[in-house]
Amino acid sequence: MGKRKSKTKPPPRKRLGKLETVFTCPFCNHGSSVECRIDMKDLIGEAVCRICQENFSTSVNALTEPIDIYSEWIDECERVNTLEEEDEEGA
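Residues numbered from 1 in each chain as written. Predicted model: local features only at pLDDT ≥ 70, side-chain atom pairs only at ≥ 80, totals over all residues. Heavy atoms only, no water.

Within the chain, the regular secondary structure consists of 1 helix and 4 strands. Going residue by residue from the N terminus, the α and β elements of the chain occur as β-β-β-β-α. Each of the three principal axes of the chain carries a C-alpha extent, and together these read 90 × 35 × 25 Å. Expressed as a percentage of the 91 residues in the chain, the buried residues total 20%. Considering only residue pairs separated by 6 or more positions, the chain has 31% of its internal contacts joining residues 24 or more positions apart. Counting every atom, the chain has about 8,000 Å² of accessible surface; 50% of that belongs to carbon and sulfur. Positive and negative side-chain charges in the chain, numbering 13 and 18 respectively, have mean positions lying 32 Å apart. (Helix = DSSP H or I, 4+ residues; strand = E, 2+ residues; numbered from the N terminus. Buried < 20%, exposed > 50% of the residue type's maximum accessible area, 1.4 Å probe, protein only. Contact = heavy atoms within 4.5 Å. Areas by Shrake-Rupley, 256 points an atom, 1.4 Å probe, with all protein chains shown as cover. Lys, Arg positive; Asp, Glu negative; His and termini not counted. Charge placed at Lys NZ, Arg CZ, Asp CG, Glu CD.)

Below you can see the structure in the form of structure tokens.
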């Protein structure tokens, strides 16, 4: 007679860390000064710097996280900077 094989439990799943809600300001470069807030009632996300008072607002959906709002702000800053550089070269 053979021994019964015991079933081993699968290893526990690693939990994903929480995403940040406080970031570095792209204008004043002050660390941990930009706070992102999401208003699901009005579907508006806002990033505000506590030091230089710069802000950015965008529309959000149910899957939007604070890092998404900050990333859109950075992308918009880069887009505006490239447009200004192209205007200076053309003038």
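On to the pairing of strand S3 (residues 44-49), then. By the bridge criterion, 6 bridges tie strand S2 (residues 34-39) to S3 in an arrangement that is antiparallel. If you follow valine 34 over to S3, its bridge partner there is cysteine 49. Direction of pairing for S3 relative to strand S4 (residues 55-59): antiparallel, over a ladder of 5 bridges. Note that in S4 the partner of isoleucine 44 across the bridge is serine 59. If you look at the hairpin formed by S3 and S4, you'll find 5 residues sitting between the two strands, and glutamine 53 has a positive phi there, around 65 degrees. (Pairing = 2+ DSSP bridges.)

Taken together, the side chains of Glu84, Glu85, Glu86, Asp87, Glu88 and Glu89 make up a negatively charged region of the molecular surface. By the secondary structure assignment, glutamate 86 is in helix H1 (residues 66-90). (Patch = residues over 30% accessible without salt bridge, like charges linked within 9 Å, V, L, I, M, F, W, Y side chains within 5 Å. Salt bridge = Lys/Arg side-chain N within 4 Å of Asp/Glu carboxyl O.)

The residue glutamate 85 is located in helix H1 in this model. Take glutamate 85: its relative accessible area is 48%, and that puts it in the partly exposed class. Through-space distance from the C-alpha of glutamate 85 to that of glutamate 72 is 20 Å; in sequence the pair is 13 residues apart.

A few words on the side chain of threonine 58. Among the secondary structure elements, threonine 58 is positioned in strand S4. Of note is the side chain of threonine 58, whose polar atom sits 2.8 Å from the side chain of glutamate 72. Contacts of threonine 58, omitting those with residues within four sequence positions, involve Leu43, Ile44, Gly45, Ile69 and Glu72. (Polar contact = N/O pair within 3.5 Å; in protein donor to acceptor, adjacent residues only side chain to side chain.)

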